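This is what each chain is made of:
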Amino acid sequence: MTSLTDSAAWQALIRHYESLQASKTSLAALIESQKDRLARCAVALDGLTLNYALNLATGETIDLLTQLAQQRGVEEWRERMFAGQPVNSTENRAVLHTALRAKDDASIMANGRDVMPDILATRHRMGKFVEGVRAGNIKSATGRPFRNIVNIGIGGSDLGPRLATQALAASASGPQVHFVANADAWELSSLLTKLDPESALFVIVSKTFTTQETLLNANLARDWLAESLGENAIQQQAVAVSSNVDKALEFGIGPDKIFPMWDWVGGRYSLWSSVGIGIALSLGMELYGKLLAGAAAMDEHFRTAELSRNMPCLMAMLGIWQHNFCGTAPARAILPYSERLRDLPRYLQQLEMESNGKSITREAMPVETLTVPVIFGECGTVGQHSFHQALHQGTQVVPVEMVGIVNDDLGHPENHRTLLSNMVAQAVALAFGQECGATPFDTYPGNRPCTILTLDRLDPYRLGLLLALYEHKVFVQGIIWGINSFDQPGVELGKRLARELAEPSKANSGTSRPDLAFLASLYKTVSPEE
Ligand code: F6P
């Protein structure tokens, strides 16, 4: 493949940006000259609408970006992914989170085997367990129904289920679901003081079942249960979701309480598998199914809509336009105007930055351009009273993505109107600014891009649409940049070094790295057995 930056489409985009600059085309000018721009720049699917009118993008921009995506083979790679080919090239694995939400009668092959029977059988088992717990038929060691569920996991084994459970809290009808991720014992131990061991169920989610933080917390939970209910309580009061069945058994989870994960689903793409058990316990299987159905509808749109009207492609291409051509800061603000979506920025940090935080191409060459920007954010209106000042008048232009909920479902119309009017006000202030303030201090430059996503309402189906939209956006960007979005070797080094210090046997035998030994001694991180 020709180099990305030498490609005809890339070069055409450079010239296109120069001509927009030369003609001083601004967002205000675009809106002024295209009366139907708001409608023209909207793409909707089943109650989720993407509006990119407040981006410096003309019809020609979209045409050129589409050509870039085509030249980079987005359509071919998309088919490879859906067909179960090993698009995770460094690990030689298929990438099939889309199969987890595919229709029951689908047949999807990976490594020469149809993955659907396993998916359906696991979902069936999960459903029986979930409904059994919710109905109070599956009980604790002392015969009590479960009132509190504690999901222990980190990264992809935490962020997606945590976000979805919180986002859909208004539809919750089951036991209360809590999430614990950090190695800092404060998180779990302070939660445990509020729980009754006789009605607490632990869901230990770890694809590898070797993750330090998760195992530490799982041990703590096991000890806590054992203290009041005896050693065997763990068998009845914990389930595991893992692809490492042996380790889960060794830990003490009953064999009938282990839900499998497969190597073709990455942690950050896994909430659609039994990793989502916490979501299902909170909502019930019917609503959980709607979450999957929303994601499946986005899969279908992504697979079939032409690139210039394809929501994930548009978002991916506009991000590339801003960061690689328009010279915006290598950062992106995610601003959900909904308290229930407050974890969206954290979830997207992992999804985008762990996936596309790469500087080596699939061909093992250094990348030629900036890849993923820094993702950060906060829910509106809270962020307005924190970092928005820099978004409006800072020296760097940071593209913004807003997520709003159109219809109030909480019965507080005034609050809801306030949220939405603030969202609109911020978008207008960013895009159009205000030139002639009385002093230089109240001059607002404007011309700062803002993409708006709206959900008709915050329900499982629309949340499924939204999360799958971002998954595919990340995929398209990875393809255009020429990187593998499905591994995370950078994370592994830190894990290995931390493990080296945590295991006394290794520490005793001395580490091969003097830098590690030096810093470790400074912070007394070697274990007490030393
Ligand atoms: O944070 C790095 C990571 O490897 C993520 O990719 C993954 O989601 C997380 O650790 C947890 O891994 P596991 O599910 O194996 O415990």
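Below is a summary of the structure that appears in this document. (Residues numbered from 1 in each chain as written. Predicted model: local features only at pLDDT ≥ 70, side-chain atom pairs only at ≥ 80, totals over all residues. Heavy atoms only, no water.)

1. Section: the overall build of the protein
Stated precisely, the cut-off is as follows: Helix and strand definitions here come from DSSP, where helices need a minimum of 4 consecutive H or I residues and strands a minimum of 2 consecutive E residues; each element is numbered from the N-terminal end. Buried, partly exposed and exposed residues are distinguished by accessible area as a fraction of the type maximum, computed with a 1.4 Å probe on protein chains only: under 20%, between the cut-offs, and over 50%, respectively. Should any heavy atoms of two residues lie within 4.5 Å, those residues are counted as being in contact. Areas reported as accessible are Shrake-Rupley estimates using a 1.4 Å probe. Residue values count occlusion only from the protein chains shown.
Counting its regular elements, the protein contains 21 helices and 13 strands. A buried classification covers 54% of the 530 residues belonging to the protein. For the protein, the share of sequence-separated contacts (at least 6 apart) that also reach a separation of at least 24 residues comes to 73%. By element, 53% of the accessible surface of the protein is carried by carbon and sulfur atoms, the whole surface being about 22600 Å².

2. With respect to helix H6 (residues 116-135)
Going by this rule: Take the number of residues in a helix, subtract one, and multiply by 1.5 Å to get its expected span.
The end-to-end C-alpha separation of H6 is 28 Å, in line with the 28 Å expected for 20 residues at 1.5 Å each. Gly-136 occupies a position one or two residues after H6 and carries a positive phi of about 85°.

3. Describing helix H18 (residues 460-481)
An α-helical turn contains 3.6 residues, so any two residues separated by three or four positions project in the same direction. A rise of 1.5 Å per residue sets the reference length of H18, with its 22 residues, at 32 Å; its end C-alpha atoms lie 32 Å apart and thus fit the reference within 8%. Burial analysis of H18 places 21 of its 22 residues in the buried class, the great majority of the element.

4. Some thoughts on the site of the ligand
The criterion, for reference: We call a residue near a molecule or strand whenever a single non-hydrogen atom of that residue lies within 4 Å of it. What qualifies as a polar contact is a pair of N or O atoms within 3.5 Å, subject to a donor-acceptor requirement within protein and to the restriction that residues adjacent in sequence count only when both atoms come from side chains.
In the vicinity of the ligand lie 14 residues, with Gly-156, Ser-206, Thr-208, Thr-211 and Glu-354 positioned nearest. Within the side chain of Ser-206, an N or O atom sits 2.6 Å from an oxygen atom of the ligand. The side chain of Lys-495 places a nitrogen or oxygen atom 3.0 Å from an oxygen atom of the ligand. Considering the ligand on its own, with 390 Å² of exposed area, one finds that the protein chains cover 89% of that surface.

5. Observations regarding empty space enclosed by the protein
The test is simple: The pocket and cavity definitions rest on a 1 Å grid over protein atoms only: a 1.4 Å probe that fits but cannot leave marks a cavity, an open set with protein on both sides within 12 Å along at least five of seven lines marks a pocket, and residues lining either have an atom within 4 Å of a point. Grid points are joined across faces, edges and corners, and a volume is the space filled by probe spheres set on the points. Put simply, Ala, Val, Leu, Ile, Met, Phe, Trp, Tyr, Cys and Pro go in the nonpolar bin, Asp, Glu, Lys and Arg in the charged bin, and everything else, Gly too, in the polar bin.
One pass over the structure, following the stated rule, counts two cavities of 30 Å³ or more. The computed volume of the largest cavity comes to approximately 80 Å³. Around the largest cavity, the lining residues are Leu-100, Ile-119, Thr-122, Arg-123, Met-126, Trp-262, Trp-272, Ser-273, Ser-274 and Tyr-288. The element that contributes the greatest number of residues to the lining of the largest cavity is H6, accounting for four residues. Per-class residue counts for the lining of the largest cavity are six nonpolar, three polar and one charged. One number sums up the size of the second largest cavity: a volume of about 30 Å³. Secondary structure elements with two or more residues in the lining of the second largest cavity: helix H7 (159-167) and helix H15 (344-356). For the lining of the second largest cavity, the element with the most residues is H7, which contributes three residues. Classifying every residue of the lining of the second largest cavity gives four nonpolar, five polar and one charged.

6. Brief notes about the sheet that holds strand E13 (residues 450-455)
So the rule is basically this: Should DSSP find at least two bridges between two strands, the strands are taken to pair. Fitted lines through C-alpha atoms serve as axes, helices being fitted only where they are in contact, and the angles separating the N-to-C directions of these axes extend from 0 to 180 degrees.
Overall, mixed pairing links the six strands, which are arranged E1-E2-E13-E12-E10-E11 in an open sheet. Each having just a single partner strand, strand E1 (42-45) and strand E11 (374-377) make up the two edges of the open sheet. Averaged over all pairs of adjacent strands, the angle between their axes in this sheet comes to 15°, without regard to strand direction. Pairing analysis gives four bridges linking strand E2 (residues 48-51) to E13, with the strands arranged antiparallel. Its bridge partner being in E13, Leu-50 is matched across the sheet by Leu-453. Contacts from H15 reach strand E10 (331-336), E11 and strand E12 (400-405) within the one sheet, and its direction differs from that of E11 by about 175°.

7. Overview of the pairing of E11
Convention followed: Handedness of a crossover is defined as follows: with both strands directed away from the viewer, a clockwise route from the first strand across the helix to the second makes it right-handed.
Looking at chain direction, E10 and E11 are connected through four bridges and run parallel. Across the sheet, the residue bridging to Arg-332 is Ile-375, located in E11. Crossover handedness for the path E10 to H15 to E11: right-handed.

8. A few points about the pairing of strand E6 (residues 176-180)
Taking burial as the measure, the five residues of E6 include four buried ones, the bulk of the element. A crossover links strand E5 (residues 148-152) with its parallel partner E6, the connecting element being H7, and its sense is right-handed.

9. Some details on the packing of helix H5 (residues 74-82) against H18
Our working definition: Any angle from 65 to 115 degrees is called roughly perpendicular, while one under 35 is roughly parallel, one over 145 is roughly antiparallel, and all others are oblique. Crossings are classed by handedness, with left-handed meaning an anticlockwise turn of the near helix from the far one by less than a right angle and right-handed meaning a clockwise turn.
The contact between H5 and H18 brings their axes to 10 Å, and the two run at 125°. As judged from the angle between their axes, H5 and H18 are oblique. Between H5 and H18 lies a crossing of right-handed hand. Contact with H5, carried on its side by Val-74, Trp-77, Arg-78, Met-81 and Phe-82, involves His-472, Phe-475, Val-476, Ile-479 and Ile-480 of H18 and no other residues of that element. Each residue belonging to the contact of H5 with H18 can be placed in one class, and the counts come to eight nonpolar, one polar and one charged.

10. Let's talk about the pattern of salt bridges
Cut-off, in case you're wondering: Put simply, a salt bridge is a Lys or Arg side-chain nitrogen that is within 4 Å of an Asp or Glu carboxyl oxygen.
Inspection of the entire model under this criterion finds 23 salt bridges. The residue Arg-101 makes a salt bridge to Asp-299 at a minimum N-O spacing of 2.8 Å. Taken as a pair, Arg-101 in the loop between H5 and strand E3 (109-110) and Asp-299 in helix H13 (residues 285-304) lie far apart in primary sequence, 198 residues in all. Neither residue differs from the other here; Arg-101 and Asp-299 are each classed as buried. A salt bridge links Glu-352 to Lys-473; the nearest nitrogen and oxygen atoms lie 2.9 Å apart. Separated by 121 residues along the polypeptide, Glu-352 in helix H15 and Lys-473 in helix H18 bring together distant segments of the chain.

11. With respect to the packing of H13 against H18
Between H13 and H18, the least distance of the axes is 7 Å, while the angle of their chain directions is 40°. Regarding the angle of H13 to H18, the classification is oblique. Between H13 and H18 lies a crossing whose hand is right-handed. Between H13 and H18, the residues in contact are Leu-287, Lys-290, Leu-291, Ala-293, Gly-294, Ala-295, Ala-297, Met-298, Asp-299 and Phe-302 and Pro-460, Tyr-461, Leu-463, Gly-464, Leu-465, Ala-468, Leu-469, His-472, Phe-475 and Val-476, respectively. Here the contact of H13 with H18 is composed, by residue class, of 15 nonpolar, three polar and two charged.

12. Concerning the nonpolar core
The test is simple: By nonpolar core we mean a set of buried residues, namely Ala, Val, Leu, Ile, Met, Phe, Trp, Tyr and Cys, connected to one another through side-chain atoms within 4.5 Å.
Residues Trp-264, Leu-344 and Leu-463 are the most contacted members of the largest nonpolar core, which totals 135 residues. Looking at this core, the element that brings in the most residues is H18, giving 13 residues. If near-sequence neighbours (up to four positions away) are discounted, Trp-264 is found in contact with Ala-94, Val-95, Leu-96, His-97, Leu-100, Ala-110, Val-115 and Ile-119. Ranked by size, the runner-up nonpolar core spans 23 residues in total, among them Val-150, Ile-152, Leu-188 and Ala-238.

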